Amino acid sequence: MNSDLHMTPDLAVFLQAWTGGGPVPDVDRERLLHRLEDDAVFRAECLAEIRMLGMLKAVQAPPPRWLDITDVLGVSASAVDAAPVRELPRAVMARLARETIAAGRSRRHLDRPIAAAAAVGIVVGMLCTSAVLGFATRPLSRETMLIREGFEEPPAPGVTGVPAGPGRWSGDYSEVVGVRQGVKPAGGSCMLRFQRADHEGSPASRPHRSGDAMRVVDVGMLSQSIDRGVVMVSLSALFNAAGFPADERYDGAVTIYALDADLPLDRATEEIVYREALTSTTGDWKSLDRDPGTWQPASARLLLPPGTTRVLLKVSLRRMPVGRQGLDSLPERVTFAGHFIDDVQASLVITESTSVTQRRVAP
Amino acid sequence: MTTPTADIDALLDRIAGGETDLYLFVVQRFELSLRSYLAGQLYDLGEADDLAQEVFIAAWRDLHSFRRGEDFGAWLRGIARHRVLMHFRSRKRHANAIDRFREEVARISQSELESAACDDGSAVIEQLLHCVSRLPEKLRRVVRAGLDGARPAALADELRATVAAIYQLHYRANQLLRTCMQGGAQP
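Model, not experiment: these values are computed from the prediction. (Residues numbered from 1 in each chain as written. Chains lettered and ligands numbered in written order. Predicted model: local features only at pLDDT ≥ 70, side-chain atom pairs only at ≥ 80, totals over all residues.)

Remarks on the overall build of chain B
Summing up its helical and strand segments, chain B has nine helices and zero strands in all. From first element to last, N terminus to C terminus, chain B shows the α and β order α-α-α-α-α-α-α-α-α. For chain B, the proportion of contacts with a sequence separation of at least 24, taken over those separated by at least 6, is 62%. (Helix = DSSP H or I, 4+ residues; strand = E, 2+ residues; numbered from the N terminus. Contact = placed C-beta atoms within 7 Å.)

Listed below in C-alpha cells is the structure:
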C-alpha cells in the first residue's frame, strides 16, 4: 500500500474515471482496467479508496424512507404516514421499550433526557433498544422530531435572508402556493415555491444562483449530550419542478450548519454563517427531473460538535449550467419559473448509553 | 463489527413467528453497512439506496432460505452482488463511460470488496462521522463535498485550487480517516 500522502498518477486517474470528476480518455480507462486486473497492489489501493468513498457517502446521509419495504411488510399506512424508518416502527419500538423497561430498572434513568428532548420537539421515536435483542453495537438511542414542515400554516417564510432567530422560516424570495403548474403538494394542500435566488437586501455585487429557505432551531438545552458527541441531526426535503427547458438544469439539496452561541444571527449573511459555523454538511445535490408528478428527496445529517447551541437548516435549489458550459453562462440573478419544496423534516438522534468513540473498532 | 449471529437468529425466529414488523429493525441494523457496500460500487447514493431497498425486500421474501448460524450481513451482500450486476446490465444500453468503468471495476474486484466488507459493520462506519469531524477544516470540506461529477470543479473554484488538488486532499483525508478508524492517531 502506498504510504506516501501523495497519490500515484494512475490512482489519481482511476479515481477521476470512477467518480466522474474529470474527463479521462478511453485509452487510459482501458489501461487502468488491465492494471487493476494484473496488479494486486494497485487494486488494493484503488479498492481502499472507493470503499472509503462509499462509506463516506452512506454515513453522511440519513437512511432513505424505505417506503417500499413497509408496503411489502404491510405496516399499516396510518402507522407509517410516509415517515422515515426510524419513526416507522413506533409500535415495534414501543413494544421493545416496554420489554426493556420490564427487563431491568438499570435503564430507567434514560427516561430523564427524553423530557429535555421533548422540550425541543415532539418525541416520536421512543427507543431503539438493541439491548433487548442482545445487540452490542447499537446502544440505546432516541429520535426527536425537530421540524415537520408542510407550509400549511402561516406565517409564510420571510424573504430577508438568514433568519434572525429560531421559530420562523426565512431566506430568498418565495411564496406559499397550492396546486400550481401541474404540481400538487406532496402532502396537505400547500407547498413552497421558490421565486428568485436573492432576497431583500441581497448584495448586488455577487451572483445569486441558489434560492434558499432557512430555519434556526435552538438545541442549547441538549448541550450536555452535544458535548459528549452523541447528538446527530438529520434533515430532508422534497423537491419538484414543473417542466423546464432542455437547456436548463436545477439541483436541490439540504444543508445543516452547527452554530455556537457567539454568532449574532440578526446581522448574519449566508457567507458569515458559512464562515463562522462550527461545522456544516450539505447532502447530495439532486438534479430535478421534468416530471411534475414526482417529488425528489434530498437529505443530509450532521453529528453536532461540542459547543453547538443552534442549528441552521437550509433547503436550497440552484440553477446549474448544462453540459460543458460554465457558471458564467448563467444569469447573475436567477429566477425560478416553477420550482417547489415540501415536507421538510428535521430530527435529532441522541445515542445515550455508549458513545461511538468508545465502541470497539475492528482493525 | 458484526452482529452476533445468535442475536440475529433470535430476531429472525421472532419474525418467523409472526412479528413481521421486527424486520424493520433488521433493516435498521444492516442499512448502513449495506448502503456503504453498494455505494462503494455505484457511488451514486440514490442508486445505492434504491438497490438497498430491493435487497432488503428480496431478503424478506427469501428469509426462509437463510440458514441460522450464518452471517446475515454476508447473506445480504450476496443478494446485493447479484442486484448490482443486474443493475449494470439493465443500464447497458444507456450506460456512459463512467457506468461502464464502474461495472468493470465491480466485476474485477467483487471478491475483494466482499472480503473487505466483512469488517465494515455499522459501528465501524459510524465511527467515520467522528473521524470526519476531527479532520482539519479544509480536508473536512473536501470530504463533505464528495467527488461526484462537477463537485470537485466547484470546490476547486471555491478553494482556489485545481481539481487535481481536490482529489489529492481527499486522498490525504482518506488516509487520516483510516488511521482514525483503526484507533490510531487522531487526524
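Past the structure itself, the notes keep going.
Some words on the interface of chain A and chain B
Counting from both sides, the interface comprises 63 residues of chain A and, opposite them, 74 residues of chain B. Top element by residues in the side of chain A that touches chain B is helix 3 (residues 40-59) of chain A. It accounts for 13 residues. In the side of chain A that touches chain B, the residues fall into 37 nonpolar, 15 polar and 11 charged. (Nonpolar A, V, L, I, M, F, W, Y, C, P; charged D, E, K, R; others polar.)

Section: helix 9 (residues 163-181) of chain B
Taking 1.5 Å per residue as the helical rise, helix 9 of chain B with its 19 residues ought to reach 27 Å, and the 27 Å between its terminal C-alpha atoms agrees with that figure. Along helix 9 of chain B, the residues classified as buried are I166, Y167, L169, H170, Y171, A173, N174, Q175, L176, L177, C180 and M181 of chain B. The elements touched by buried residues of helix 9 of chain B are helix 1 (9-19) and helix 3 of chain A together with helix 6 (122-133), helix 7 (137-145) and helix 8 (151-159) of chain B. (Expected span 1.5 Å × (residues − 1). Buried ≥ 20, exposed ≤ 12 C-beta atoms within 10 Å, placed from the backbone.)

Quick word on the packing of helix 2 (residues 23-42) of chain B against helix 6 of chain B
All names here are of chain B. Where helix 2 meets helix 6, the closest approach of the two axes is 9 Å, and the angle between their N-to-C directions is 70°. Judged on the interaxial angle alone, helix 6 and helix 2 are roughly perpendicular. Listed contacts from helix 6 to R29, L32, S33 and S36 of helix 2 are S122, I125 and E126. For the contact of helix 2 with helix 6, the residue count by class is two nonpolar, three polar and two charged. (Axes fitted to C-alpha atoms, helices over the stretch in contact; angles between N-to-C directions. Parallel < 35°, antiparallel > 145°, perpendicular 65-115°, else oblique.)

Points about unusual backbone geometry
Trans peptide bonds make up the majority, and among non-glycine residues the majority have a negative phi. Of the consecutive residues P154 of chain A and P155 of chain A, the connecting peptide bond is found in the cis state with omega at 5°. Secondary-structure assignment places P155 of chain A in the loop between strand 2 (141-149) and strand 3 (170-171). For R160 of chain B, which is not a glycine, the phi torsion comes out positive at approximately 55°. Mapped onto the secondary structure, R160 of chain B falls in the loop between helix 8 and helix 9.

Some remarks on the environment of R209 of chain A
By the secondary structure assignment, R209 of chain A is in the loop between strand 5 (191-196) and strand 6 (210-218). Those residues within four positions of R209 of chain A in sequence are excluded, and the remaining contacts are A197, R318, R319, L330 and V334 of chain A.

Looking at helix 3 (residues 45-61) of chain B
Every α-helix winds through 3.6 residues per turn, so residues three or four apart in the chain are directed the same way. Taking 1.5 Å of rise per residue, the 17 residues of helix 3 of chain B would be expected to cover 24 Å, and the 24 Å separating its terminal C-alpha atoms lies within 8% of that figure. Listing the buried residues of helix 3 of chain B in full gives L45, A48, D49, L51, A52, Q53, V55, F56 and A59 of chain B. In this structure, the buried side of helix 3 of chain B is in contact with helix 3 and helix 4 (67-73) of chain A together with helix 2 and helix 4 (72-90) of chain B.

Description of the packing of helix 1 of chain A against helix 2 (residues 26-38) of chain A
Residue and element names in this part refer to chain A. Where helix 1 meets helix 2, the axes come as close as 10 Å, and the angle between the chain directions of the two elements is 110°. Relative to helix 2, the element helix 1 lies roughly perpendicular. Helix 2 is crossed by helix 1, and the crossing has left-handed handedness. For the pair formed by helix 1 and helix 2, the contact residues are D10, V13, F14 and A17 on the first element and D28, R29, L32 and R35 on the second. When its residues are assigned to classes, the contact of helix 1 with helix 2 shows four nonpolar, no polar and four charged. (Left-handed = near helix turned anticlockwise from the far one by under 90°.)

Things to note about the pairing of strand 13 (residues 335-351) of chain A
All names here are of chain A. Summarising burial for strand 13: 13 of the 17 residues are buried, a large majority. Sheet topology note: the strand 5/strand 13 ladder contains four bridges and is antiparallel. What sits directly across from L192, in strand 13, is I341. Direction of pairing for strand 7 (residues 231-241) relative to strand 13: antiparallel, over a ladder of 10 bridges. Among the inter-strand pairings, L238 is bridged to a residue of strand 13, identified as D342. (Pairing = 2+ DSSP bridges.)

A look at the confidence of the model for chain A
In low-pLDDT segments, the atomic positions of the prediction should not be examined closely. All names here are of chain A. Residues with a pLDDT of 70 or more make up 75% of chain A, whose mean pLDDT is 76. Confidence, read as mean pLDDT per element, is least for strand 1 (residues 122-125) in chain A (31) and greatest for strand 5 (95). Throughout residues 76-139 the model reports pLDDT below 50, and contacts reaching past four residues in sequence, or to other chains, amount to 112 contacts. Across residues 353-363, where pLDDT falls below 50, the model places 26 contacts with residues more than four positions away in sequence or in other chains. (pLDDT = per-residue confidence, 0-100.)

Here's the deal with the environment of K57 of chain A
Along the polypeptide, K57 of chain A turns up in helix 3. Of the residues examined, K57 of chain A has 24 C-beta atoms within 10 Å and is grouped as buried. With 226 residues separating them along the chain, K57 of chain A and G283 of chain A place their C-alpha atoms 9.0 Å apart. Excluding its chain neighbours within four sequence positions, the residues that come into contact with K57 of chain A are A39, Y43, L45 and G146 of chain B.

Some words on the nonpolar core
Within the largest apolar cluster, 125 residues are counted, with the highest numbers of intra-cluster contacts made by V233, V311 and I341 of chain A together with L38, L128 and L177 of chain B. Ignoring anything within four residues of it in the chain, the contact list for I341 of chain A reads M191, L192, A213, A237, L238, F239 and V315 of chain A. (Core = buried A, V, L, I, M, F, W, Y, C linked by C-beta atoms within 7 Å.)

With respect to the confidence of the model for chain B
Looking at chain B as a whole, its pLDDT mean stands at 86, while 93% of the residues score no less than 70. The ipTM for the predicted assembly is 0.92, set against a pTM of 0.57.

Concerning the pairing of strand 8 (residues 249-259) of chain A
Residue and element names in this part refer to chain A. Most of strand 8 is tucked away, with nine of its 11 residues classed as buried. Both strand 8 and strand 10 (residues 286-287) contribute to a ladder of two bridges, which runs antiparallel. Its bridge partner lying in strand 10, G252 is registered against K286. In this sheet, strand 9 (residues 279-282) lies alongside strand 8 in antiparallel orientation, the contact comprising four bridges. Paired with I256 across the strands is T281, a residue of strand 9.

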